[in-house]
Amino acid sequence: MLNIVLFGPPGAGKGTQSERLIDEFGLVHLSTGDIFRSNIKGQTELGKLAKSYMDQGKLVPDSVTIDLLRAEVLKHNKPKGFIFDGFPRTNAQAEALDVFLDSIDTSITLMLSLDVEEEELKKRLIKRAEVSGRADDADPKIIDNRIAVYHKETSPVKSFYEQQRKLVSIEGMGSVDEITARLFTSIKSI
Ligand code: ADP
């Protein structure tokens, strides 16, 4: 299997690039943010819980997120592989993912980490708010909180994969097509 962690701060372009990667490599896209948002729309208990954290720019608790991710992976029968988008976001999630993938005889192949300057991230999120209707994109204070949470809790996950020699940093500035081309090159050179 080809299992990719697509990593980067909020607004780095993970969702956009994931769409391109699933088309090219026939992978299943698993975005924890998308799954939470569809639960919010469907007014499920999980949605209500997730919303209370997301609206503040905080992370949904690890136990909830890890259980959800495992269940989503198991829904797919003999997939070619997965793109994990927005997961793992903490070291605890990364460790749990390794243990879980090992239990189903697979592992993470590569972490592709998109590097984008902070000013550019904020611009992209404010622009996305105009079309996404996402409450967490519309408020500069919530955006700042998401970026702070990223630096404190999420960016250490890079070292986790670096220690396993699976980290590849990708320049995330430039056009969508340019960034896609860089990602394709990295995956094809495995
Ligand atoms: P972005 O990458 O633009 O911040 P996402 O759609 O990935 O957007 O995530 C939106 C929100 O959903 C996060 O700010 C967080 O509250 C919640 N979330 C998504 N994935 C996770 C995760 N793996 N662990 C905890 N919370 C998560």
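Scope of this entry: the structure provided in the associated data block. Since the model is a prediction, treat every value here as computed from it, not as a measurement.

In this structure, Phe84, Leu97 and Tyr161 are the most contacted members of the largest nonpolar core, which totals 21 residues. For this core, the secondary-structure elements that each account for two or more residues are strand E1 (4-7), strand E2 (28-31), helix H4 (62-74), strand E3 (82-85), helix H5 (91-103) and helix H9 (156-163). Ranked by residues supplied to this core, first place goes to H5 with five residues. With residues near it in sequence (within four places) discarded, Leu97 still touches Leu69, Phe84, Phe87, Pro88, Ile108 and Tyr161. Ranked by size, the runner-up nonpolar core spans 19 residues in total, among them Ile83, Leu114, Val116 and Phe184.

Here the focus is a negative patch on the surface. Together, Glu117, Glu118, Glu119 and Glu171 make up a region of like negative charge exposed at the surface. Topologically, Glu119 is positioned in helix H6 (residues 118-132).

Moving on, we get to the pattern of salt bridges. Tallying each qualifying case throughout the model produces 15 salt bridges. Asp34 is the partner of Arg37 in a salt bridge, and the nearest nitrogen-oxygen pair spans 2.9 Å. Remark: Asp34 and Arg37 occur in helix H2 (residues 32-41); sequence separation between them is three residues, near one turn of the helix. The class for Arg37 is partly exposed, based on a relative accessible area of 25%.

Strand order across the open sheet formed by five strands is E2-E3-E1-E4-E5, with parallel pairing between neighbours. Edge positions in the sheet fall to E2 and strand E5 (167-171), since each of these pairs with one other strand and no more. Across the sheet, the mean angle separating the axes of adjacent strands is 20 degrees when strand polarity is ignored. Note: E1 against E3, three bridges, orientation parallel. For Ile4, the partnering residue across the bridge sits in E3 and is Ile83. Against the sheet, helix H1 (residues 14-25) engages E1, E2, E3 and strand E4 (110-115), with an angle of about 175 degrees to E3.

Take H5 next. Counted at 1.5 Å a residue, the expected span for H5 with its 13 residues is 18 Å, and the 19 Å between its end C-alpha atoms agrees. Looking only at H5, the buried set comprises Gln93, Ala94, Ala96, Leu97, Phe100 and Leu101. Projected down its long axis, H5 carries its buried residues within an arc of 165 degrees, all on one side. Summarising the geometry of H5, the exposed residues directed more than 90 degrees from the buried face are Val99, Asp102 and Ser103. Along its buried surface, H5 packs onto H4, E3 and H9. Downstream of H5 by one or two residues, Asp105 has phi in the positive range, about 60 degrees.

Criteria and cut-off values
Residues numbered from 1 in each chain as written. Predicted model: local features only at pLDDT ≥ 70, side-chain atom pairs only at ≥ 80, totals over all residues. Heavy atoms only, no water. Core = buried A, V, L, I, M, F, W, Y, C linked by side-chain atoms within 4.5 Å. Buried < 20%, exposed > 50% of the residue type's maximum accessible area, 1.4 Å probe, protein only. Helix = DSSP H or I, 4+ residues; strand = E, 2+ residues; numbered from the N terminus. Contact = heavy atoms within 4.5 Å. Patch = residues over 30% accessible without salt bridge, like charges linked within 9 Å, V, L, I, M, F, W, Y side chains within 5 Å. Areas by Shrake-Rupley, 256 points an atom, 1.4 Å probe, with all protein chains shown as cover. Salt bridge = Lys/Arg side-chain N within 4 Å of Asp/Glu carboxyl O. Lys, Arg positive; Asp, Glu negative; His and termini not counted. Charge placed at Lys NZ, Arg CZ, Asp CG, Glu CD. Pairing = 2+ DSSP bridges. Axes fitted to C-alpha atoms, helices over the stretch in contact; angles between N-to-C directions. Expected span 1.5 Å × (residues − 1). Arc of directions from axis to C-beta.

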